[in-house]
Structure formats: structure tokens, C-alpha cells
Amino acid sequence: MTDNSVAPDSGVTPGAAPANTPPGARPALPATAAEARSRVEALVTTRFRELKAVEVDEVRLADVLLVTSELVTNAIRHGGGLTGFAAALTDDGLLLDVADASTQLPVVTDPADRGRGLVGGFGWPLICRLARHVAVTPRPDGKQITALLPLV
């Protein structure tokens with residue numbers, strides 16, 4: 001499921017900047033998927049509670065962290081490196097933008113190929129299933145994937 005209705009540059013201020021980031025400065029890219037997950041978890045568990053006065057369901061949080069991990073890991077391993085990362089809360093959930101240096105679209109492995117020992121290609125269907133909307137936007141230097149993930 002790919003839905004291009006999610007704008008890649010939504011004008012939403014990215015959240016979860018590390019504590020040592022000066023005000024107004026763009027936070028450094030996460031070096032690992034674990035760092036990206038930590039930023040997203042901090043954003044969701046603190047800011048969401050402040051905005052909505054309710055805790056995020058543990059299953060929803062696990063879904064958000066899984067999608068974050070999949071997108072960032074794929075950008076690092078298969079996408080020529082992470083070139084952009086932003087996470088922001090919206091009225092509809094968490095808006096996650098991950099950009100990489102590859103123009104190749106995400107790969108899906110046919111279940112029939114599992115028996116042939118092919119590795120990979122299973123994360124994209126998972127991302128599309130867990131996200132409310134997903135968009136892949138070609139960029140001159142690669143691509144950006146935007147996922148809107150429900151929090152309630």
C-alpha cells in the first residue's frame with residue numbers, strides 16, 4: 001500500500017532532537033537504527049503524553065519503533081547511507097521521514113523465493129501494513145520515505 005497523499009515536506013517541525021542540539025539547529029542524523037529508535041521513543045513517550053494527556057499503547061509504540069528500525073536500517077545497509085531523518089507528532093499520529101542515497105525503490109521478496117534462500121525484502125510489506133500511509137518520493141540524491149504511523 002503506497003499512498004502519495006502524505007507530503008514529504010509537511011512543514012511539521014521535526015521532533016526528538018538530542019538534548020545538546022542548539023535551539024533552531026537541525027539535529028545530526030542518527031548514526032544507527034538504535035539511536036533513531038531512541039529519538040522516536042523519547043518523542044512519543046514524552047511529547048505525545050503532554051499533547052494528548054494519554055499514554056501511547058505499548059503495541060502501537062512497538063509498531064512505531066519497528067518501522068523506524070526497518071527504514072533506518074535499510075537506508076544504512078541498502079540505500080547508500082542515511083541522508084535525512086525527521087520524526088514529528090501530528091493530529092493523525094507520528095510522521096516519520098527517512099531519506100537515503102539510493103534511487104532504488106524498496107524491494108519485496110516473493111514468498112515463493114523463501115525456499116531458495118533469498119535474504120531480505122520482507123520489511124517493506126511490514127512497514128506498509130503497520131503505517132496508515134506510506135509515500136516514496138524520488139529526490140535528485142536518492143529517495144525519501146514518509147510513513148504516517150497511528151498512535152491511538
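A brief look at the structure comes next.

## A closer look at the pairing of strand S2 (residues 93-100)
Okay, so step 1: With eight of eight residues buried, S2 lies mostly within the body of the structure.
Okay, so step 2: Alignment of strand S1 (residues 82-90) against S2, held across eight bridges, turns out to be antiparallel. Its bridge partner being in S2, Leu89 is matched across the sheet by Leu94.
Okay, so step 3: Linking S1 back to S2 in an antiparallel pair, the connection comprises two residues.
Okay, so step 4: Note that S2 and strand S4 (residues 142-149) share seven bridges and pair antiparallel. If you follow Val98 over to S4, its bridge partner there is Ile145.

## Details of the packing of helix H1 (residues 33-52) against helix H2 (residues 58-77)
Okay, so step 1: Direction vectors running N to C along H1 and H2 enclose 150°, while the axes themselves pass 9 Å from each other. In terms of axis orientation, H1 runs roughly antiparallel to H2. Considering how the two elements wind past one another, H1 and H2 form a crossing that is right-handed. Mapping the contact onto sequence places Ala33, Ala36, Arg37, Val40, Glu41, Val44 and Thr45 in H1 and Leu61, Val64, Leu65, Thr68, Ser69, Val72, Thr73 and Ile76 in H2.
Okay, so step 2: Residue composition of the contact of H1 with H2, by class: nine nonpolar, four polar and two charged.

## Remarks on the sheet that holds strand S3 (residues 133-139)
Okay, so step 1: Strands sit in the order S1-S2-S4-S3 across an open sheet of four strands; the sheet is antiparallel. This sheet does not close on itself; its edge strands, each paired only once, are S1 and S3. Averaged over all pairs of adjacent strands, the angle between strand axes in this sheet comes to 10°, irrespective of strand direction.
Okay, so step 2: Pairing between S3 and S4: seven bridges, direction antiparallel. By the bridge assignment, Val134 is partnered in S4 with Ala147.
Okay, so step 3: Packed onto the sheet, H2 meets S1, S2 and S4 and runs at close to 10° relative to S2.
Okay, so step 4: In the packing of helix H3 (residues 123-130) onto the sheet, contacts are made with S3 and S4, and the angle to S3 comes to roughly 125°.

Conventions adopted
- Residues numbered from 1 in each chain as written.
- Predicted model: local features only at pLDDT ≥ 70, side-chain atom pairs only at ≥ 80, totals over all residues.
- Heavy atoms only, no water.
- Buried < 20%, exposed > 50% of the residue type's maximum accessible area, 1.4 Å probe, protein only.
- Helix = DSSP H or I, 4+ residues; strand = E, 2+ residues; numbered from the N terminus.
- Pairing = 2+ DSSP bridges.
- Axes fitted to C-alpha atoms, helices over the stretch in contact; angles between N-to-C directions.
- Parallel < 35°, antiparallel > 145°, perpendicular 65-115°, else oblique.
- Left-handed = near helix turned anticlockwise from the far one by under 90°.
- Contact = heavy atoms within 4.5 Å.
- Nonpolar A, V, L, I, M, F, W, Y, C, P; charged D, E, K, R; others polar.

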